[in-house]
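Here are the chains, one letter per residue:
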Amino acid sequence: MKEKKDIRILAFESSCDETSTAVVKNGSEIESLVVATQIKSHARFGGVVPEVASRHHIEVITQITREAMEQAGVDWKDLDAIAVTHGPGLVGALLIGINAAKAASMATGLPLIGVDHIMGHISAAQLVEPIQYPALALQVSGGHTEIVLLKDPTHFEIVGDTRDDAAGEAYDKIGRVLGVNYPAGKTIDQWAHEGKDSFGFPRAMIDEDNYDFSFSGLKSAFINTCHHADQLGQKLDKYDLAASFQAAVVDVLAEKTIRAIKEYQPKTFIMGGGVAANRGLRERMAKEIAALEKAPKVILPPLKLCGDNAAMIGAAAYNQYLAGNFADLTLDADPSMELPYAEDYR
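Calculation criteria
Residues numbered from 1 in each chain as written. Predicted model: local features only at pLDDT ≥ 70, side-chain atom pairs only at ≥ 80, totals over all residues. Heavy atoms only, no water. Buried < 20%, exposed > 50% of the residue type's maximum accessible area, 1.4 Å probe, protein only. Helix = DSSP H or I, 4+ residues; strand = E, 2+ residues; numbered from the N terminus. Pairing = 2+ DSSP bridges. Axes fitted to C-alpha atoms, helices over the stretch in contact; angles between N-to-C directions. Contact = heavy atoms within 4.5 Å. Arc of directions from axis to C-beta. Phe/Tyr/Trp six-rings, centres within 6.5 Å; stacked < 30°, edge-to-face > 60°.

Engineer: Now, about the pairing of strand β6 (residues 135-140): what can you tell me, with residues and values included?
Structural biologist: Within β6, six of the six residues are buried, which leaves it mostly tucked inside the rest of the structure. Side chains of β6 alternate between two faces, with A135, A137 and Q139 and L136, L138 and V140 buried alike. Two strands pair when backbone bridges link them, and β6 and strand β7 (residues 145-152) are joined in this way by six bridges, in the antiparallel orientation. Across the sheet, V140 pairs through a bridge with T145, a residue of β7. Counting the residues in the hairpin turn of β6 and β7 gives four residues. Relative to strand β9 (residues 268-272), β6 is paired through five bridges, and the arrangement is parallel. Across the sheet, A135 pairs through a bridge with T268, a residue of β9.

Written out as structure tokens, the structure reads:
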């Protein structure tokens, strides 16, 4: 019997403020992963500055490509494809990774694969253990908050979406009010475990017959509470503020996701995105799912795979490779790329 050939993919990720390269084998084994973070460069601005992000990507992408290949112990001849995020994200940042990947593909003759950034975050789960389909994912990050149905490895559909702010975006915005540097999520999560939910912030849309979210009102209620206290000369407990905010976010995310699990009956549940690293959310989802009569397998990627990284792009690209979904040199950035919405989206 002929031995099955291993598939190695060199992946690029540059959609926002992390430049990353990785070599992934068979969509499930990370042979190398390099991430060049820009957090310190953007912290002083309170958020990501697109032009600064693009310049940093240009400065490091050649170096980290070399590092990823050296760490994996591979040469170009050992690779089977080149993969790159082509949306959604910051258009200038995306173009750096895309042009690097296209140059590598053109120079080596290796096939090119364009990857949806959100599919990448969700596919990070298969770097932990195999995903059984159909699966359901809660994708929570600074730019997206979605419940996604995975029909198979390459067909993903949105069943719930945010109407305004993403959860991670709301964390960063209230972090500024509390004097927390960007990105604020980790600190707010830590503070939340030191305080109590004493402010009763709103749980928007929690009882509506859909799987959509809204965090703009929560953000405004938080900011108004702080400003009102300032005007009265009152000092509010930052730990209680953080706990109250996080409780409101987690309540809505957990409530709607559990309802979606009951309706769609997935074999696997996945959390993806930067906010998936949130301890309060991970603990709540694990507890809620364990209490279900028919609980799906749960895959919570390790913290290093929750943020933007090229390994998740390599994992998603492997699925596209097997499906024969390749791109050509006309591949371009699509900053507003969206997964399709399910037919029963409401």
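Engineer: Tell me about the sheet that holds β9, residues and numbers included.
Structural biologist: Pairing is mixed across the open sheet formed by five strands, whose spatial order is β8-β7-β6-β9-β10. Each of the sheet's edge strands pairs with one partner strand only, and the pair in question is β8 (155-161) and β10 (297-299). Strand-to-strand, the axes of this sheet are offset by a mean angle of 20 degrees, without reference to chain direction. Relative to the sheet, helix α9 (residues 279-290) contacts β6, β9 and β10, its axis offset from that of β9 by approximately 170 degrees.

Engineer: With reference to specific residues and values, describe helix α6 (residues 185-192).
Structural biologist: Since the α-helix advances by 3.6 residues per turn, residues separated by three or four positions end up pointing in the same direction. Those residues of α6 that sit buried are I188, D189, W191 and A192. For α6, the angular spread of buried residues about the axis comes to 165 degrees, placing them on one side. Packed against the buried residues of α6 are α5 (167-177), α8 (238-264) and α9.

Engineer: Report on unusual backbone geometry, specifying residues and quantitative values.
Structural biologist: The omega angle of the peptide bond from G87 to P88 is -10 degrees, so this bond is cis rather than trans. Relative to the assigned elements, P88 resides in the loop between β4 (81-87) and α3 (91-108). Note the cis peptide between Y133 and P134, where omega equals 0 degrees. In this fold, P134 is placed in the loop between α4 (117-123) and β6. Phi is positive for N26, close to 55 degrees, though the residue is something other than glycine. Structurally, the position occupied by N26 is in the loop between β2 (18-25) and β3 (29-37). A residue is classified by how much of its surface remains accessible, and N26, at 23% relative accessible area, is partly exposed. For M205, which is not glycine, the phi dihedral falls at a positive 65 degrees. Along the chain, M205 falls in the loop between α6 and α7 (216-231).

Engineer: Any details on the environment of H86? Residues and values, ideally.
Structural biologist: Along the polypeptide, H86 turns up in strand β4. By relative accessible area, which is 16% here, H86 ends up buried. Sequence separation of H86 and I113 is 27 residues, and the distance between their C-alpha atoms is 9.4 Å. Ignoring anything within four residues of it in the chain, the contact list for H86 reads L94, I98, G114, V115, D116, L331, D332, A333, D334 and M337.

Engineer: So, the packing of aromatic side chains: which residues are in play, and what are the values?
Structural biologist: The tally for this structure, following the rule as stated, stands at eight aromatic pairs. Measuring from centroid to centroid gives 5.8 Å for F199 and F201, while their planes differ by 10 degrees, and the two rings are stacked. Measuring from centroid to centroid gives 6.1 Å for F213 and F215, while their planes differ by 10 degrees, and the two rings are stacked. A relative accessible area of 0% places F213 in the buried class. Taken together, Y171, F199, F201, F222 and F245 form an aromatic cluster joined through their ring pairs.

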